[in-house]
Amino acid sequence: MLRSRWGVVAPVDMEPGVPAWLVMGHAEICEITRNEAQFSRDPRNWRWHYDGLLPERSALLGISPREPRSSSYHHDGEKRRRLREPLDDGLAAIPERTVVAQVEEVSKRLIDGLGPSGEADLVRDWSKKVGFLAVTALFGFDPETADQMMVDSAHIMDHTAEAAEARDRMGRNLMAHVLDRRASGGEDLTASFVRHASFHDDREVADSMSVPLIAASEFLTAWIALTLRLLLTDKRFAARWTGGRIALDDALDEVLWREAPAANPPLPRYAMQDLELDGKLIRKGDALIMAVAAANQDPSVHTGDMWDEVGNRAHLAWGVGPHRCPASRQARIIARVAINRLLTELDLELAVEDHDLSWVPSPWVRHPQAIPVRYQRARSSGTEIYPV
C-alpha cells in the first residue's frame, strides 16, 4: 500500500509524532548503506536530537541514543573502522568447529530441560534461548551469567519497567567479564577483544560486546523461529528438505528472502545534507529506515519462480556496505545447528493452525509471538536417556 501511494520512499512515524523516511527499494537501500559520508549511522546527526525534539522517555533512545556507545554500530569513517576491526578479526579467528560444538552443547542442555514429551513454545523455549546462549558462549560467559543476561536482554528489548535496571546489570556483567579476561586470558571472543590493539580502553571493549549480544541474538531468535515455522507449515518446502532435494541452508535463505527477520532494522541512517531520493526532498538530519522486507520483494531481483532462486543470496538481510553484519557466517552456523539438532531429537507437531499464530508487535523484527507444539523425544540425547 505504501509503495503504490508513495513509490519506494515513503513518510512514516517511528513512534507517534517522530517522522522518518521508509526506504523500500533494493537499489536505493544499497545506495544509502554504501555511502556513510552522505548517510550517517551516528544518531548525533539526527535533527530530532540536535534540535532537542525527542521526548525524554522515548523508546527510540534505545536504538538512537543521544550519546552513542563506543562501538562501530553507531559510528562512521575512521572511528567505525577502528572499532569494527577487532570484531572482524575476532570472528575470523574462531574455528567453525568451535561454534558448532558450542551450539551443540547449548542445544543438548535445552533439549534435556524439555523432557521426553509434552508441549512447548518454540519461540520462548527454543529460539530465544538457543540464539542468545550460543552468542554468549562465543564470548566465553558461564551458563549462570548467560542466563541472567538473557533475562536482562529481554527487558531491554521489550522496554519493560525493569529495562533501566537490566541495562545497568548487563553493563556490570560485561565489564566484570572484560576485566576477568584481561587478568586471566583465554581463547574466546572477549579475550580476542581484550588483546586487540585497536581498542583504547576496556569501556570500548565492553561497548563493542553489547551490540552482538543483544541485536544479533534478536536476529537469531527471529531467523530460527521463522525457519522452524516454514518447515512445520509449508508441506512443499518440508518435503523437498526431508527428501534431500534442498538443504537446510536453502530453508534458511528462503526465510531471509520471504520473511526478513529484521524486517526494518532498527538502525536508521541520517541525511548529512539536503538531497532528493525517489522524487522526495530529504532534509539534512532526517532519519531513514531501511525496509529490508519490502526491498527483498523488489521484482528487479527476482525471477518469479521461487525454486529457480534456490541459492540466491542477493537479499539484504545482512545489510550492505561498511556496516554489513560481520557475523553472518557464525549466525548461519548457529541457526543451522540449532534447527537441525531440534528436528533430529524431537518429533514436532504444530499445536495450532498456521493462520492462528500471532506476530510480535514490533516495527523492527518479524516472527511469531509463539509457536506452540506437541513434541515427542525421537531418540536419546544429551545427558539423559529416554525410551524411543
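**With respect to the overall build of the protein**
Moving on, step 1. Of the regular secondary structure elements, the protein holds 14 helices and 10 strands.
Moving on, step 2. The C-alpha radius of gyration of the protein comes to 21 Å, within 12% of the 21 Å expected for a compact globule of 388 residues.
Moving on, step 3. Per-residue burial over the protein gives 53% buried out of 388 residues.
Moving on, step 4. Of the contacts made within the protein by residues no fewer than 6 positions apart, 70% connect residues no fewer than 24 positions apart.

**Overview of the sheet that holds strand β8 (residues 287-290)**
Moving on, step 1. Strand order in the open sheet formed by five strands is β1-β2-β8-β5-β3, with mixed pairing between adjacent strands. Across the chains shown, the open sheet's two edge strands, defined by having one partner strand only, are β1 (9-15) and β3 (39-40).

**So, the pattern of salt bridges**
Moving on, step 1. One pass over the full model with this rule turns up 31 salt bridges.
Moving on, step 2. With a shortest N-O distance of 3.3 Å, Asp-112 and Arg-377 are connected by a salt bridge. A residue pair is termed long-range when its members are at least 10 positions apart, and Asp-112 in helix α5 (residues 96-114) and Arg-377 in strand β10 (residues 372-377) qualify at 265 residues. Like Asp-112, the residue Arg-377 is buried in the burial classification.
Moving on, step 3. The partner of Glu-165 in a salt bridge is Arg-169, with the nearest N and O atoms 3.3 Å apart.

**A few points about the packing of helix α7 (residues 143-158) against helix α10 (residues 202-233)**
For any two helices packed against each other, the geometry is given by the interaxial angle and the distance between the axes.
Moving on, step 1. Between α7 and α10, the least distance of the axes is 10 Å, while the angle of their chain directions is 80°. Considered as vectors, α7 and α10 are oriented roughly perpendicular to each other. Between α7 and α10, the residues in contact are Met-149, Ser-153, Ile-156 and Met-157 and Leu-213, Ile-214, Ser-217 and Glu-218, respectively.
Moving on, step 2. Residue classes in the contact of α7 with α10 are distributed as five nonpolar, two polar and one charged.

About the cut-offs
Residues numbered from 1 in each chain as written. Predicted model: local features only at pLDDT ≥ 70, side-chain atom pairs only at ≥ 80, totals over all residues. Heavy atoms only, no water. Helix = DSSP H or I, 4+ residues; strand = E, 2+ residues; numbered from the N terminus. Rg over C-alpha atoms; globule rule 2.2 N^0.38 Å. Buried < 20%, exposed > 50% of the residue type's maximum accessible area, 1.4 Å probe, protein only. Contact = heavy atoms within 4.5 Å. Pairing = 2+ DSSP bridges. Salt bridge = Lys/Arg side-chain N within 4 Å of Asp/Glu carboxyl O. Axes fitted to C-alpha atoms, helices over the stretch in contact; angles between N-to-C directions. Parallel < 35°, antiparallel > 145°, perpendicular 65-115°, else oblique. Nonpolar A, V, L, I, M, F, W, Y, C, P; charged D, E, K, R; others polar.

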